[in-house]
Amino acid sequence: GTDLAAELIELERLTGAKATNIVERVTCCDYSDTVVAVMKEKLKKQEKDTKGVSTILSHLVDFEVSDARSMSFSNGMFKLILEKGTLDAMLSDQETGIKNCIAIVTECARVLAVGGRWY
């Protein structure tokens, strides 16, 4: 999420193309409120480090403390989901890993729009 935001900032800087021409919204989620706070600070720092670039990204990016096994998002809300290690982390738990991964995949399928992509 914040890596994508950084790339959008760089794209604006290099091309002058507005990030809003590429994405409508970016929602960064994590189970940990500490991790979400770090992501927010990282985005603020990225915007400060790119002088002269629009700060539209702070309005484009949402941060959410969320359990991937049971999310509060509407059905079909996302056109793209980037999963960055959550399933691998869950699979490290030999007792509940498979059950948790099934719940995560089920939830991602629910919030992914028809025709959407999951990477």
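Residues numbered from 1 in each chain as written. Predicted model: local features only at pLDDT ≥ 70, side-chain atom pairs only at ≥ 80, totals over all residues. Heavy atoms only, no water.

Visitor: So what's going on with a nonpolar patch on the surface? Residues and values would help.
Guide: A cluster of nonpolar side chains, contributed by L80, L82 and Y119, occupies part of the molecular surface with about 330 Å² of accessible area. Turning to its location among the elements, L80 is positioned in strand β3 (residues 78-81). (Patch = residues over 30% accessible without salt bridge, like charges linked within 9 Å, V, L, I, M, F, W, Y side chains within 5 Å. Areas by Shrake-Rupley, 256 points an atom, 1.4 Å probe, with all protein chains shown as cover. Salt bridge = Lys/Arg side-chain N within 4 Å of Asp/Glu carboxyl O. Helix = DSSP H or I, 4+ residues; strand = E, 2+ residues; numbered from the N terminus.)

Visitor: Before we move on, could you go through the state of the cysteines and cite the residues and values that matter?
Guide: Scanning all chains against the criterion turns up zero disulfides. Distance from the sulfur of C28, which forms no disulfide, to the nearest cysteine sulfur (C29) is 7.4 Å. The class for C28 is buried, based on a relative accessible area of 3%. The class for C29 is partly exposed, based on a relative accessible area of 33%. (Disulfide = S-S within 2.5 Å. Buried < 20%, exposed > 50% of the residue type's maximum accessible area, 1.4 Å probe, protein only.)

Visitor: Can you explain the pattern of salt bridges? Please cite residues and give values.
Guide: This structure, assessed with the given rule, holds five salt bridges. For the salt bridge of K44 with E41, the shortest nitrogen-to-oxygen distance reads 3.5 Å. You can see K44 and its partner E41 sitting in helix α2 (residues 33-49), three residues apart, about one turn around the helix. Classification of E41 as partly exposed rests on a relative accessible area of 46%. Residue E107 is joined to R110 by a salt bridge in which the shortest nitrogen-to-oxygen separation is 2.7 Å. Of the two residues, E107 and R110 are both situated in helix α5 (residues 97-111); the distance of three residues between them amounts to about one turn of the helix.

Visitor: How would you explain the nonpolar core if you had to name every residue and give the values?
Guide: L8, I9, A19, V23, V26, C28, V36, M39, L43, L60, V61 and F63 together form the largest nonpolar core, which totals 12 residues. The element that contributes the greatest number of residues to this core is α2, accounting for three residues. (Core = buried A, V, L, I, M, F, W, Y, C linked by side-chain atoms within 4.5 Å.)

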